[in-house]
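# A structural walkthrough
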Amino acid sequence: MTDDGPKVVSRQATLTLWFGSLTAALLLVLLAQDLRANLRSQWREGSDRAAEVAYSVAQMAHGPLRSSSNAMLLIAEESRRLQQAGKRDDVLLNEIVAAVLRRQPQIVHATFADTTAPAGTSTSFHPNDGTWTACDTNIDAAIAIPCFGTPQKTSLGWVLPIASSIDEHQWVVGAIRIAALERAVAHAPDADEVSFSLVDTHGRSILHSGPDLSTAAAEAAPPGWVARWLGAPPPGSLQATAPIGPYPFSVTTQIGREDVLTPWRHHVMVAVSFYLLYLAAFVCLQKIMARTAHIQQHFVRSLQAKTEALRLAQRAGRTAMWTLSDHARHFECQEDASELLGLPSGHATISVKDMLDAVAPADRWLLLRQTRRAWKKHNPLNVEFRIRQPGRAMRCLLASGQVVIDEAGTKRMTGTAVDVTEQWSARQRQVESEHRFDVLFEQNPLPFWVFDASSLQFLEINAAAIRTYGYSREEFLAMTILDIRDPSDRLKVQEEVALAPEARFIPKVWVHRTKNGAAIDVRVHTADIVFADRPARLVLAEDVTTQLADERELSYRASHDLVTGLPNQHAMIEWMDVLIAGGSPFEVAYVQLLGMDAIADTFGINIATGILQMVAARLAERSDGNGYLASVTQQAFVWVTSSPMTEATLQSFADCVAEPIYYKDTQHQISIMIGVARHPQDGMQSDTLLARAALAAHVHLHSDKPIHYFEAVLAQQSREKLHFSACLRRAVKRHEFELHFQLITDFPDRRPIGLEALIRWPQTDGSIILPSTFIPICEEAGLIVPLGNWVLSQAAKASRELKMAGFANLPISINVSPAELRSRDLVANIRAAREAYSLASDALRVELTESCLIEHKDKAIAVMKQLRADGVAVALDDFGTGFSSLSYLRDLPIDTLKIDQAFVRNVDRDERSATICEAIIALGKSLKVNTIAEGIEREAQFRWLQLHGCDAAQGFYIGRPERLADVLKSLSQYKAKAL
C-alpha cells in the first residue's frame, strides 16, 4: 500500500490556504482603495455643494436688494429733479414715496433727512457714524448705489436701513424688511440643508440659516488624517463665499464635517462587514477542508486495506475482477484470475474474439448479445455462461458488470466473474428432476392421484385435485377413494377396481363429491403402476360437469326459444320432417304479430318481451297440447297440427291474442295475421310449407281479414318481386341509372329559373322504368339511401357542367326520401358534394314530401334548418296530397310550395281544383314563399296560373325531362333568342 492519496489531500489543503490568504490580502487592498476614493468623492461633493448654495442664495437675495435700491434711488432722483427745477413740493414727494412703497412692500418706510440737522432730531442723518456702509459712494449720484445701515428691530420686525443721497446734505432714508430677504432665499436649492449667512462689508450678519458659521469655521478644512490619507492634491474647503452683485453684502455657506463623513462611515462599515464575512467564510472553509482531508485520509487507508482483503477473498472464493475497454475490443483481468477466466497462463489482457472462442458455442451468442446491450444502453450486465479451459472440464461462470466513464471520458465496462460450476450442476440436476415431476404430475391441469390397489388409500395427489375437490393434501392422504363417492356407488367402485386392466381400458363417467358436498361429473382414466414398492393405480379425473351441463344447455338452446320457452324453428322443422316421413297430412298456421315494433320503440324492449311471453302463453293455452306450437321469430309463431284447422279454430287464435294485454301498468291491443299452408297440397318439404304459410300472412298484412290461405299465385308474385328487387340491387351497385332534368320557368315569358333532377332506369331493350315503379321497392330493400347519394353526386356534377356552360344561376332540385332524412348524413353529404364540385351554396335545392314531414316532423325541421343555414333552399313537394295539418307550415323553414299536378290537371276546367290552387297560391304569398305548379301540360293551364299569381311553372308544356346534353341545347337556344 502507498500513501499517495493522503499526500494529494495535504497538498490540496495547503494550496487552498495560500490561495485564500492571497485573496484576503488583495481584497483588503481593494477595499482600502475603494474607501479612499469614496472619501475623496464625498469631500469634493460637499465642497461643491457649499459653493452652489452660496451662489444660489446670493442670486436670490440680489432681487429684493436691487428692487429696494432702485426704489430709493427713484425717490432721490425725483426729489433732486424737483429741486433743480425750483418746484419742490412736499405733497408731490409724499405721493411719489407712497406710490413707491405700494409697489415695493418690502420697504417699510421712506423719509427725507438732512446731515445738517441737529443730532437727535427726526430729520438728522449722519452717514459717517460707522453704522452705515457704502455711504461714501453715494455722494456722486451717478454711481446709483444706496448705502445700508445696521439691522434694527422694530415693531414690524427686523429691518435693514437703506439711504440714498439727494444732494450733499439731503438723503432719502428707508428700511427693508429682513423677512422679505428670508423669503427670497428660502427657495434657493439645498438652502435648508446647508448653513449660510448674509453679511455686510463690516462683517455684520444680516440673516443666517443653520448653526453659527463662526463656530463651524473650524470644520471647513479637512482633518489632518483625511488630508494625510487622501494626499495631494488636498481636498477643498467645506465653506464658500459669494458676493451679492454691486451691493456691500456677501453670502457665506458652510457644510458640517459630519455631514460628509457620516455617509462615508456607513460605507466603511459595509466594507468592513464584507471583509469580516469573507474571513469568517474562509476560516470555516479551511476547517472543513482540514476535516475533509482527515476523513479522506482515513477512507483511503481503509479502502486500501479492504482492497487487499477483497483480493484475498476473491482468490479464495474463485472470483475475478475484469474490465472490458478500448471500445469493447480488449478484455482485461487480474493476473491471478486469468486461469479462472480461461486466459493463457500469465496473461491479464486478451482480445474479445479470443475470449469468446473460449466460451461454449451454445452460450456465446447470449454472452455477446447481453454484453452489447449493456455496453450501448449502460444497463447492468448479469449473465451466466460456460467456458472451456484447455485440458480441463467445462466451467460455469456468473459475470456481473456495469459501464462506467472515467474523468478522462474513457468508456469501459468493469465487473466480477464468479465460478458457479458446482451450483450450476446442482441446479441443472434439480431443474431436470423438478421438470420431470411437474410435467408428469404436478403441472398437469387435471386432477391426478395415486391410490393403493388393495386398501384404496390415497398415496399421492396433485395440486389440480386439491383445487377441484377442496381437500387439503393432508386430508387427501388420510382418505380412501370411497370417501369422494356417493355411498350408493361404493359397491360399483369396488367392482370396478377388481376388474382386469383390459376391462378398464375405456374411461367411464362417475359422480364424485367435493368437500362441500357438491356433485361433479368426472371422466376417470386409470393405469396400473408400482408406487413406493407396492401395487397402485394412477388416476386422472377429468371434470366434465360443465361440459355435460353445457351440452344439455346447448341442446335446449338449439331446440327452444329462450324468450318464450317454446320450441324454435329448427325443432319445429324436425317435427314436421317426422310427420312428412310418416306420410301424415297436416296443416301449418303462421301467426304474425302486428305492432310489436311500435311497442318496443315506445315502451322499450323489456315491455315488448313481456308482451311476447304473454302472447305465447295464450297461444299455448289455446292449442291445449294439440299439435306443435313453436316460436320462429320475435314476432311470429307457428302452429302445426294433424287435425284440420277450421275457420273457427283459427279465429279463436286471433281472438285470444286480440284481447287486451295488461303488463307493468301498460295496456296493449295486439293484432295478428294468420297464413295457412297444407301438406301435401301446398308443399312436400317442411321449409317450403313454412315459407308458404309465412307468405300468405305477409302478403295480406294490411288486410281486414286475419286468416288467409296460401295460393300458388302468391308464390309467383313473390318470385317476380324478388327477381325485380335483385335486379334493382344490382343496378344500384353498378349505377345503371341516369338523371333527366326538367326545366322550371317563371311567368309569363317562361324564362328558365331552375331544374328538377328526375331519376330513370334504362333497360337493355331501350325501355325506361320510371321511379314510381322502383322507388317503393328501393325503400323496402334499404337501397334508397345509396341511390339517393348517387343522385346527389350526379346532380352536383350536372350543376358544375351548367356552370361551365354559362348557366350557373340555375339551381338543381333533388328529391329526398324519408329514409335519407333519417340517415343523419343528408346535410353532410350535400356539403361534401358542393365541395367536391366547387359549387355555390344555392346550386342545389332539396324537395321533401309531406309524408316526410308527417312521419318525422322534428327530424325534418332540424334538417331543414341546417340546410337553410347552409344556403340550401327547401321545397315542399306534392303539397296538398299528404293530408297534413296546415299548422305545420308555421314551423317549417321552407322556401317553396309545389302544387301537386292532381290539382293543376283540371285547374282551368274544374272549379274545385281552381279553388284549391288559388288557396295554395294565396297561402304561399301570405307565408312569403314561392309557389311552383307541377304537371302543366296545356296553354290554358299556364295562362290560368299566370293570371292567378303563381310564381313558377313545370310540366310537359314547359319541357319534358331530358338528358343534360339536351337540356343544355335548349338553354343555349333560349339564351340566343333572348340576346
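Up top is the structure.
What counts, and at which threshold
- Residues numbered from 1 in each chain as written.
- Predicted model: local features only at pLDDT ≥ 70, side-chain atom pairs only at ≥ 80, totals over all residues.
- Heavy atoms only, no water.
- Helix = DSSP H or I, 4+ residues; strand = E, 2+ residues; numbered from the N terminus.
- Buried < 20%, exposed > 50% of the residue type's maximum accessible area, 1.4 Å probe, protein only.
- Contact = heavy atoms within 4.5 Å.
- Areas by Shrake-Rupley, 256 points an atom, 1.4 Å probe, with all protein chains shown as cover.
- Phe/Tyr/Trp six-rings, centres within 6.5 Å; stacked < 30°, edge-to-face > 60°.
- Lys NZ or Arg CZ within 6 Å of the ring centre and 35° of its normal.
- Polar contact = N/O pair within 3.5 Å; in protein donor to acceptor, adjacent residues only side chain to side chain.
- Expected span 1.5 Å × (residues − 1).
- Pairing = 2+ DSSP bridges.
- Axes fitted to C-alpha atoms, helices over the stretch in contact; angles between N-to-C directions.
- Nonpolar A, V, L, I, M, F, W, Y, C, P; charged D, E, K, R; others polar.
- Left-handed = near helix turned anticlockwise from the far one by under 90°.
- Core = buried A, V, L, I, M, F, W, Y, C linked by side-chain atoms within 4.5 Å.
- Salt bridge = Lys/Arg side-chain N within 4 Å of Asp/Glu carboxyl O.
- Patch = residues over 30% accessible without salt bridge, like charges linked within 9 Å, V, L, I, M, F, W, Y side chains within 5 Å.
- Lys, Arg positive; Asp, Glu negative; His and termini not counted.
- Charge placed at Lys NZ, Arg CZ, Asp CG, Glu CD.

Here we take up the overall build of the protein. A tally of regular secondary structure across the protein gives 30 helices and 36 strands. Each of the 979 residues in the protein was classed as buried or not, and the buried ones make up 42%. In the protein, 58% of the contacts between residues at least 6 apart in sequence involve partners at least 24 apart. Accessible surface, the protein as shown: approximately 53,000 Å² in total, 55% of it carbon and sulfur.

Tallied over the entire structure, the rule returns 16 aromatic pairs. Their ring planes at 75 degrees and their centres at 5.7 Å tell us that Trp449 and Tyr469 sit as a pair that is edge-to-face. Linking Trp449 in strand β16 (residues 448–452) with Tyr469 in helix α10 (residues 463–469), this pair joins segments that are 20 residues apart in sequence. For the pair Trp449 and Tyr469, a shared accessibility class is recorded, and that class is buried. Taken together, the ring pairs in this structure connect Trp449, Phe458, Tyr469, Tyr471 and Phe476 into an aromatic cluster. The lysine or arginine in question, Arg750, covers the ring of Tyr957, its NZ or CZ lying 4.9 Å from the ring centre. Against the face of Phe956 rests Arg960, its NZ or CZ located 4.0 Å from the ring centre.

Turning our eyes to something else, we now look at the environment of Thr602. Here Thr602 lies in helix α15 (residues 596–603). In this structure the side chain of Thr602 is engaged in a polar contact, spanning 2.7 Å, whose partner is the backbone oxygen of Ala598.

Turning our eyes to something else, we now look at helix α21 (residues 784–804). The terminal C-alpha atoms of α21, which comprises 21 residues, lie 30 Å apart, in line with the 30 Å expected from a rise of 1.5 Å per residue. The complete set of buried residues in α21 reads Ile784, Leu787, Gly788, Trp790, Val791, Leu792, Ala795, Ala796, Ala798, Ser799 and Leu802. One or two positions beyond α21, positive phi appears at Gly806, with a value near 95 degrees.

On the basis of which strands lie adjacent, the open sheet formed by four strands has the order β7-β6-β9-β8 and antiparallel pairing. Where the open sheet ends on each side, the last strands, each with one partner, are β7 (205–209) and β8 (239–243). Neighbour to neighbour, the strand axes of the sheet diverge by 15 degrees on average, direction disregarded. Bridge analysis of β8 against strand β9 (residues 249–254) gives five bridges, and the strand direction is antiparallel. For Ala242, the partnering residue across the bridge sits in β9 and is Val251.

Helix α18 (residues 686–699) packs onto helix α14 (residues 569–581) with a crossing angle of 115 degrees between their chain directions and a minimal axis gap of 9 Å. Only Ser686, Leu689 and Leu690 of α18 make contact with α14, whose side of the interface consists of Gln569, Met572, Ile573, Met576, Asp577 and Ile580. Taken together, the residues of the contact of α14 with α18 sort by class into six nonpolar, two polar and one charged.

Looking now at the environment of Trp449. A relative accessible area of 2% places Trp449 in the buried class. Sequence separation between Trp449 and Leu538 is 89 residues; the distance between their C-alpha atoms is 6.1 Å.

Here we come to the packing of helix α16 (residues 605–623) against helix α17 (residues 647–658). The N-to-C vectors of α16 and α17 enclose an angle of 145 degrees; their axes lie 10 Å apart at closest approach. When you trace α16 past α17, the crossing you get is right-handed. Two secondary-structure elements touch here, α16 through Val615, Arg618, Leu619, Arg622 and Ser623 and α17 through Ser652, Phe653, Cys656 and Val657. Of the residues belonging to the contact of α16 with α17, the class tally is five nonpolar, two polar and two charged.

Once that is clear, we can look at the nonpolar core. Ranked by size, the top nonpolar core spans 80 residues in total, and within it Phe737, Phe741, Trp761, Phe774, Ile812, Ile894 and Leu945 carry the most contacts. Of the residues forming this core, the biggest block, nine residues, is contributed by α21. Discounting chain neighbours no more than four positions away, the residues touching Leu945 are Phe747, Val904, Ile921, Ala933, Ile936 and Cys950. Grouped together as the second largest cluster of nonpolar side chains are 54 residues, Ala61, Ile176, Ala188 and Ile244 included.

With that out of the way, let us pick up the pattern of salt bridges. In total, this model carries 23 salt bridges according to the counting rule given. Residues Glu738 and Arg963 are paired through a salt bridge, measuring 2.9 Å at the closest nitrogen-oxygen approach. Placement of the pair is Glu738 in strand β28 (residues 738–746) and Arg963 in the loop between β36 (952–953) and α30 (964–978), with a sequence separation of 225 residues. On the basis of relative accessible area, Glu738 is assigned to the buried category, the value being 18%. On the accessibility criterion, Arg963 (42% relative accessible area) is partly exposed. For Asp908, the salt bridge identified is with Arg938, shortest N-O distance 2.7 Å. Of this pair, Asp908 sits in the loop between α27 (901–904) and α28 (911–927) while Arg938 sits in the loop between β35 (930–933) and α29 (939–947), and the two are 30 residues apart along the sequence. Among the residues examined, Arg938 registers a relative accessible area of 23% and is labelled partly exposed. Taken together, the shared-partner salt bridges in this structure form one network comprising Glu756, Glu847, Lys898 and Glu934.

Moving on: the sheet that holds strand β19 (residues 519–531). The antiparallel open sheet is built from five strands, whose spatial order is β17-β16-β20-β19-β18. Each end of this open sheet is capped by a strand with a single partner; those strands are β17 (458–461) and β18 (508–513). Across this sheet, the average inter-strand angle for adjacent strands is 35 degrees, counted without regard to direction. Two elements, β18 and β19, share six bridges in a ladder whose sense is antiparallel. If you follow Arg513 over to β19, its bridge partner there is Ala519. In the packing of helix α13 (residues 545–559) onto the sheet, the strands contacted are β18, β19 and β20 (534–543), and the crossing angle to β19 comes to about 140 degrees.

This next bit is on helix α8 (residues 361–377). Compared with the 24 Å implied by 1.5 Å per residue over 17 residues, the 25 Å span of α8 between its first and last C-alpha is a close match. Each element contacted by the buried residues of α8 is listed here: β10 (319–325), α7 (352–358), β13 (381–388), β14 (394–405) and β15 (411–419). In the stretch just after α8, His378 is the one whose phi turns positive, near 60 degrees.

Let us look at unusual backbone geometry. Apart from glycine, the bulk of residues carry a negative phi angle, and the bulk of peptide bonds sit in the trans form. A cis amide bond links His679 to the next residue, Pro680, at an omega of 10 degrees. Along the polypeptide, Pro680 turns up in the loop between β26 (671–679) and α18. A cis geometry characterises the amide bond from Phe747 onward to Pro748, with omega recorded as -5 degrees. If you trace the backbone, Pro748 turns up in the loop between β28 and β29 (752–762). Residue Asp665 is not a glycine yet carries a positive backbone phi of 65 degrees.

A few words on a negative patch on the surface. A contiguous patch of negative charge on the surface is contributed by Glu45, Asp48, Glu52 and Asp190. Structurally, the position occupied by Glu52 is in helix α1 (residues 4–84).

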